[in-house]
Amino acid sequence: MSRATEPPGPRDAGFAQAFSDLLLDKDLVDAAAIGRARRAAEAASERFDLVLVKLGLISEADLCLAYATYCGLPPIEPADLPARPVLADRLQLAFLKTNRILPVAFDGRRLLIATADPFVDESVKAISYMLDVRVDLAVIAPAEIERALRTLYQDAASEMQAEETDGIALSGNDGSEFDVERLRDIANEAPVIRLVNQIIARAVERGASDVHVEPGRDAVAVRYRIDGFLQQERVVPAALRAALTTRMKIMAKLDIAERRLPQDGRIKTVVRGVEIDIRVSTLPTAFGESVVMRILDRTRVELDFTKLGLDGRTQGSLQRLMALPNGIILVTGPTGSGKTTTLYTALKDLNRPELKLFTVEDPIEYQLSGINQIQVQPQIGLDFPTALRSILRQDPDIVMIGEIRDLETARIAIQAALTGHLVFSTLHTNSAIAAITRLIDIGLERYLLASTIAGVMAQRLVRKLCPACSRPHTDSERAHGKLKMAIAGHPQVDWSHSRQPVGCEACGNTGYSGRTTISELLIIDDSIREAIGRRSQDQRAVEQLAREAGFHTLYEDGLMKVGAGETSLEEVLRVTRAS
């Protein structure tokens, strides 16, 4: 085995200082986190670098880059991995998985092995001795090595997973027959803990927003929601249903004895060195409790309007609205359309020392530094109206209301805007113009609405085409017929870069990877204010006035993204109108 340099290892006295200096120099961890981790490592007699990950102070991916620099080893990227297993007849999956190593290339004399931990090299030395070859090391992130082992050794991995599941089967009995204490003991056994941790870690790895654990008559289905669509992940034997559910309830601090009523809880955990917040919901069904875990991974959410998918024109208009001293700005759309993320991005941009910002949310999805965030708790009387009244006595400049659900909340928002505050909130409507009608329908006076509302943005999330496999449209394709119809209706759109989904291993054969935003922004100018105030004016009149000022619809914004090759026409039609 060769290594470019031999810096102090984890067992050497100077390791913590040398590795700390590297992390600080690379700006991967701040000094306060370094101090916290070193104290924890000394108290627990554990490796300093591993404690950093356990505390969620550095991600495994960043630690991998630090290892590469510190040890002078090359990092391995997914593109560098082999298409087929290397030396599969000599190096078994169980051995590779246990030691977190992966053979990458072999030329007959030299073997390149990627490792997740370059300081644990006993297994690498053993391979060098057994095969009588020179072994060169490279560094790979643990998530990538696990993904590669699953992909390259699929059959063996399936057998190992089946063996692991068999190891925690409850002798063919339904766990619901056990008493609570026995069930608690089973749920706290290492195999059950490992199974639940694997389900959560795999969900985070794949970028899932939700994990669905669904009990059936003969098995428990585990599905992930990825880019808005559910995908089957694994099937767990029905005998494990109660143990699996109980473990999740224990982690969420829920009552494991209560199986007849729905429950809600939260889990805070660290996955791959990243702090993850998980909202847990349980619901009794005919075959046991259904569990849904909403994964809130702050590292995946980039609070930047461009990265969210807003075009330059929309961003400019939105920034002008955000610069107003007072008024109401609404974001509308169905559940899961990214409304809260858009509002968080606006608040992040507005978060300055001279301004005081408050939010009232149910629930708080992401904690924002420098912003006062309040969690609604109706069970103790802290609902939206109560919280808002108290906030207005706290001298705020900007207030964000998680959702306007009723007339009372709407009236307080109006009052806040009239008294010199900038108010952000969300509504569940299909379009920006429909938000005006919704507020009038719940009982808000037209003259108050006209005098306070500044703008409404409606948005949807559409899946982005996979950059690895999408291809230009061809005339022979059936889908091109729909594209031609869309072109005919909107000649102003440049369709030269439009593409269509194909499907490959990188995107799970879906043809899509990630999501982007399509939006419509209604700016309330004087003519629209006048139209809102007049009872005789309807949505069509408001839309006509808005179009004269340059307004474009969700569908039209989607077509622009189709033309640019970001998404497909089918995706835009799916979220905006019947295809």
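Residues numbered from 1 in each chain as written. Predicted model: local features only at pLDDT ≥ 70, side-chain atom pairs only at ≥ 80, totals over all residues. Heavy atoms only, no water.

Looking at an unreviewed UniProt entry, one finds the protein named Bacterial type II secretion system protein E domain-containing protein and attributed to Bradyrhizobium jicamae. Recorded in UniProt under Sequence similarities (unreviewed entry), the annotation for the protein is "Belongs to the GSP E family." (UniProt positions renumbered as here; feature names shortened; annotations may be inferred.)

A. Quick peek at the packing of aromatic side chains. Across all of its chains, the model carries 8 aromatic pairs by this definition. Look at Phe15 and Tyr70: their rings are 5.7 Å apart centre to centre, the planes differ by 90°, and that puts the pair in the edge-to-face class. A residue pair is termed long-range when its members are at least 10 positions apart, and Phe15 in helix H1 (residues 15-25) and Tyr70 in helix H4 (residues 60-71) qualify at 55 residues. Here Phe15 matches Tyr70 in class, with each residue buried. Aromatic pair Tyr344 and Tyr366: ring centres 6.1 Å apart, planes at 75°, arrangement edge-to-face. One end of the pair, Tyr344, is in helix H14 (residues 339-350); the other, Tyr366, is in the loop between strand E11 (357-361) and strand E12 (372-375), with 22 residues separating them in the sequence. Through a chain of ring-to-ring contacts, the aromatic side chains of Phe15, Phe19, Tyr67, Tyr70 and Phe119 assemble into a single cluster. Lying across the ring of Tyr512, Arg463 places its NZ or CZ 4.0 Å from the centre. (Phe/Tyr/Trp six-rings, centres within 6.5 Å; stacked < 30°, edge-to-face > 60°. Helix = DSSP H or I, 4+ residues; strand = E, 2+ residues; numbered from the N terminus. Buried < 20%, exposed > 50% of the residue type's maximum accessible area, 1.4 Å probe, protein only. Lys NZ or Arg CZ within 6 Å of the ring centre and 35° of its normal.)

B. Broad picture of the UniProt feature "domain: Bacterial type II secretion system protein E" (unreviewed entry) in the protein. As recorded in UniProt, the feature "domain: Bacterial type II secretion system protein E" (unreviewed entry) lies at residues 392-406. Secondary structure content for residues 392-406 is 7% helix and 27% strand, and the end C-alpha separation is 18 Å.

C. Spotlight on the nonpolar core. Among the nonpolar cores identified, the biggest contains 52 residues, and Phe19, Leu23, Phe48, Leu102, Leu111 and Ile127 are the most heavily contacted of them. Among the elements that make up this core, the one with the highest residue count is H4 (7 residues). Here this core gathers at least three residues from each of two domains, domain 1 (1-72) and domain 2 (73-140). Sequence-distant contacts of Phe48, that is, excluding residues within four places in its chain, are made with Phe15, Ala16, Phe19, Ser20, Leu23, Ile34, Ala37, Arg38 and Ala41. Counting residues in each nonpolar core, the second largest holds 44 residues, with Leu330, Phe384, Ile391 and Phe551 among its members. (Core = buried A, V, L, I, M, F, W, Y, C linked by side-chain atoms within 4.5 Å. Domains from an automatic or database assignment. Contact = heavy atoms within 4.5 Å.)

D. The sheet that holds strand E2 (residues 110-115), seen in detail. Read from one edge to the other, the open sheet built from 3 strands follows the order E1-E2-E3, with strand pairing classed as mixed. Each edge of the open sheet carries a strand with a single partner, namely strand E1 (101-106) and strand E3 (134-139). Geometrically, the sheet is characterised by an average inter-axis angle of 30° between neighbouring strands, direction not taken into account. Strand contacts of helix H7 (residues 142-152): E1 and E2, with the helix running at about 65° to E1, the strand carrying the most contacts. (Pairing = 2+ DSSP bridges. Axes fitted to C-alpha atoms, helices over the stretch in contact; angles between N-to-C directions.)

E. Structural context of the confidence of the model for the protein. Across the protein, the average pLDDT comes to 86, with 90% of residues at or above 70. The least confident element of the protein is helix H8 (residues 154-166), whose mean pLDDT is 56; the most confident is strand E10 (residues 327-332), at 97. (pLDDT = per-residue confidence, 0-100.)

F. How the structure looks around the sheet that holds strand E13 (residues 398-401). Strands sit in the order E12-E11-E13-E14-E10-E15-E18 across an open sheet of 7 strands; the sheet is mixed. Each edge of the sheet is formed by a strand with only one pairing partner; in this case those strands are E12 and strand E18 (512-523). Adjacent strand axes in the sheet meet at a mean angle of 20°, parallel and antiparallel pairs treated alike. Sheet topology note: the strand E15 (residues 453-465)/E18 ladder contains 10 bridges and is antiparallel. Along E18, the bridge assignment pairs Val456 with Leu522. Along the sheet, H14 makes contact with E10, E11, E12, E13, strand E14 (422-427) and E15, crossing E14 at roughly 165°.

G. The arrangement of the side chain of Ser519 in detail. Position of Ser519 among the secondary structure elements: in strand E18. With a relative accessible area of 1%, Ser519 lands in the buried category. Contacts of Ser519, omitting those with residues within four sequence positions, involve Leu310, Thr314, Met457, Ala458, Gln459, His552, Thr553, Leu554 and Asp557.

H. Spatial organisation of the pattern of salt bridges. Summed over all chains, the structure comprises 33 salt bridges. One salt bridge in this structure joins Arg147 and Glu205, with 3.8 Å as the shortest N-O distance. Taken together, the positions of Arg147 in helix H7 and Glu205 in helix H10 (residues 190-205) put the pair 58 residues apart, joining distant regions of the chain. For the salt bridge of Lys249 with Glu289, the shortest nitrogen-to-oxygen distance reads 3.0 Å. Taken together, the positions of Lys249 in helix H11 (residues 241-251) and Glu289 in strand E9 (residues 288-296) put the pair 40 residues apart, joining distant regions of the chain. (Salt bridge = Lys/Arg side-chain N within 4 Å of Asp/Glu carboxyl O.)

I. Looking closely at the environment of Ser59. You can see Ser59 is positioned in the loop between helix H3 (48-54) and H4. In this structure the C-alpha to C-alpha distance between Ser59 and Glu275, which are 216 residues apart in sequence, comes to 8.8 Å. In this structure Ser59 touches Arg272, Gly273 and Val274, once residues within four positions along its chain are discounted. Within the structure, Ser59 has its side chain in polar contact with the backbone nitrogen of Asp62 (distance 3.1 Å). (Polar contact = N/O pair within 3.5 Å; in protein donor to acceptor, adjacent residues only side chain to side chain.)

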